[in-house]
Amino acid sequence: MNIFNENNSFNYELEKLCRIFLPHEKIIFTDSVFQSEVFAHTRLEKGEKETVLSAYLNFYGRHAEFSDTLKNDAPDYPKECERVLAVALFKCFVDVTGYVSPWGILTGVRPAKLYSSLCKKGGSEYAQHYFKEKFLVNDKKIKLCEETYRREGIITKQSSRDSFSLYISIPFCPTRCSYCSFVSHSVDKAKKLIPEYLEKLITEIKATAEIADKTGLKLRSVYIGGGTPTTLSAEQLEALMKTVAENFDISGKEYTVEAGRPDTITAEKLRVIKQNGANRISINPQTMNDDVLKIIGRCHTAKDTEDAFILARSLGFDNINMDLIAGLPGDTLDSFKETIKKVIELSPDSVTVHSLALKRAANLGSEQTAFLEGVTASQMVDFAKEALSQKGIVPYYMYRQSKTVGNNENVGYSLPNKESFYNVYIMDETHTILACGASAVTKLRQPGGSYIERIFNYKYPYEYVSNFSEILSRKERVVAFYDEYRI
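Residues numbered from 1 in each chain as written. Predicted model: local features only at pLDDT ≥ 70, side-chain atom pairs only at ≥ 80, totals over all residues. Heavy atoms only, no water.

Caption draft 1: Highlighting the pairing of strand β12 (residues 320–326). Judged by how many residues are buried, β12 sits mostly within the fold: 7 of 7 residues are covered. Taking every second residue as pointing to the same face, both faces of β12 are buried, with Ile 320, Met 322, Leu 324 and Ala 326 on one and Asn 321, Asp 323 and Ile 325 on the other. Note: strand β11 (residues 280–283) against β12, 2 bridges, orientation parallel. Bridge pairing links Ile 281 to Ile 320 in β12. Chirality of the crossover, the property in question, places the unit of β12, helix α12 (residues 333–346) and strand β13 (residues 350–355) among those that are right-handed. (Buried < 20%, exposed > 50% of the residue type's maximum accessible area, 1.4 Å probe, protein only. Helix = DSSP H or I, 4+ residues; strand = E, 2+ residues; numbered from the N terminus. Pairing = 2+ DSSP bridges. Right-handed = clockwise from strand over helix to strand, strands pointing away.)

Structure follows, in structure tokens:
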């Protein structure tokens, strides 16, 4: 797709908007109108008292054009110009495709956080009106924001100025799923790396504990994610988790381990996880459809998921999450409904419903346009919300990703008092996250303020191991940060 933005530089926002309808297309910005199968021309004309903002779209021979005006003295004029132009281009896409994104022009990662800020400014009615009239968000998604905002608020209030959470990355999996874009390596290719990686990771965890102690930070939650942490052997898991228990006060804290792939779960590993302080795990089938599991490269069955879940329950785990993905290739609305039904029958404490997001690193691709895929994906996430809510498993956190099929969202649902505090803290950016391992990103939040500073670890395990001294050196910035913004 080619876009010519005349008299405006809103490339970033308009590209994200185009991704709603064409997530797999290459977006090229041109210096003039460049006609192709899909091209757009946006224009900003500032007059003496008002500005005319217009958009024209050619979509495989179908054409649409919309325009609107904005007073030159309008509050927050530059941002409003960007929004009005986005609305014009959005309406062009709707006209030529017939697809109306449920989130309208909203493309941000944290819609509930934006909704929260509007509530603080003018109350819930003001926020709802703003989302509907300014962003064209539909009523179902506005209601989702309202529910999520209220439940998130209960959790965020429990964080204090000196709170932090600990994240530990295990970037290894049994195999790589076809849709995956995370930094993860299949065990058959990376097995030799694991012992040295684990050795360095344990050293980083100890160093991080010392830093937390120096800065006076108090632990709120722990999350071991990946990848698939249970790719590690029981002995390796025990070494890792003993390090956490010996260096941090985990008593009474939420402590999650992503058990993840059912084919990596054993009774021995689950006992290690439980005995070393974890009180929450996630078993992630993604789908309970065996045919879809084969398509996405999973080496387990729906029965394996059921067996792993029942095993975990028998060993005393009373807080189990299950991850699902809406929009997987080969999945239909009916088969997705069957997945939801089977998951509900297992009675998990929480369920996270993700919408498929295709990234450059993923092996999976589709030539279909997103508005065709999006209709089904939207029906899937809507059904999941309705079915889970009827069982008292209700939304408590939400986030979104770019290039998501149908411009849909990822939502965490839970029973009362079974929410993941870590999930809320990381998405709301409530407090500092000290992160360890390859691809981990430490996020330092200014105490009492909103400024966020990031410290990046090396992305791949081999880089992490090879440049470990640099990893530890970067961690020193945490102490300097809190010296500048004293708690």
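Next comes the rest of the description.
Caption draft 2: Examining the nonpolar core more closely. Membership of the largest hydrophobic core comes to 122 residues, with the highest contact counts inside it found for Met 1, Phe 93, Phe 131 and Leu 201. Considering every element that reaches this core, the biggest residue donor is helix α2 (residues 77–97), with 12 residues. In contact with Leu 201, not counting residues within four places along its chain, are Ile 168, Ser 169, Ile 170, Leu 240, Cys 436, Gly 437 and Tyr 464. Membership of the second largest hydrophobic core comes to 15 residues, among which are Tyr 397, Tyr 399, Phe 421 and Tyr 425. (Core = buried A, V, L, I, M, F, W, Y, C linked by side-chain atoms within 4.5 Å. Contact = heavy atoms within 4.5 Å.)

Caption draft 3: Fine view of the packing of aromatic side chains. Summed over all chains, the structure comprises 26 aromatic pairs. Both rings, one in Tyr 115 and one in Phe 131, keep their centres 5.3 Å apart while their planes meet at 85°; by these two values the pair is edge-to-face. Taken together, the residues span a long stretch of sequence, with Tyr 115 in helix α3 (residues 111–122) and Phe 131 in helix α4 (residues 124–134) at a distance of 16 residues. We note that Tyr 115, like Phe 131, is buried. The rings of Phe 21, Phe 59, Tyr 60, Phe 90, Phe 93 and Tyr 99 are connected pair by pair, giving a single aromatic cluster. We note Lys 274 situated over the ring of Phe 317; from NZ or CZ to the ring centre the distance is 5.2 Å. A cation sits over an aromatic face here: Arg 474 above Tyr 458, 4.6 Å from the ring centre. (Phe/Tyr/Trp six-rings, centres within 6.5 Å; stacked < 30°, edge-to-face > 60°. Lys NZ or Arg CZ within 6 Å of the ring centre and 35° of its normal.)

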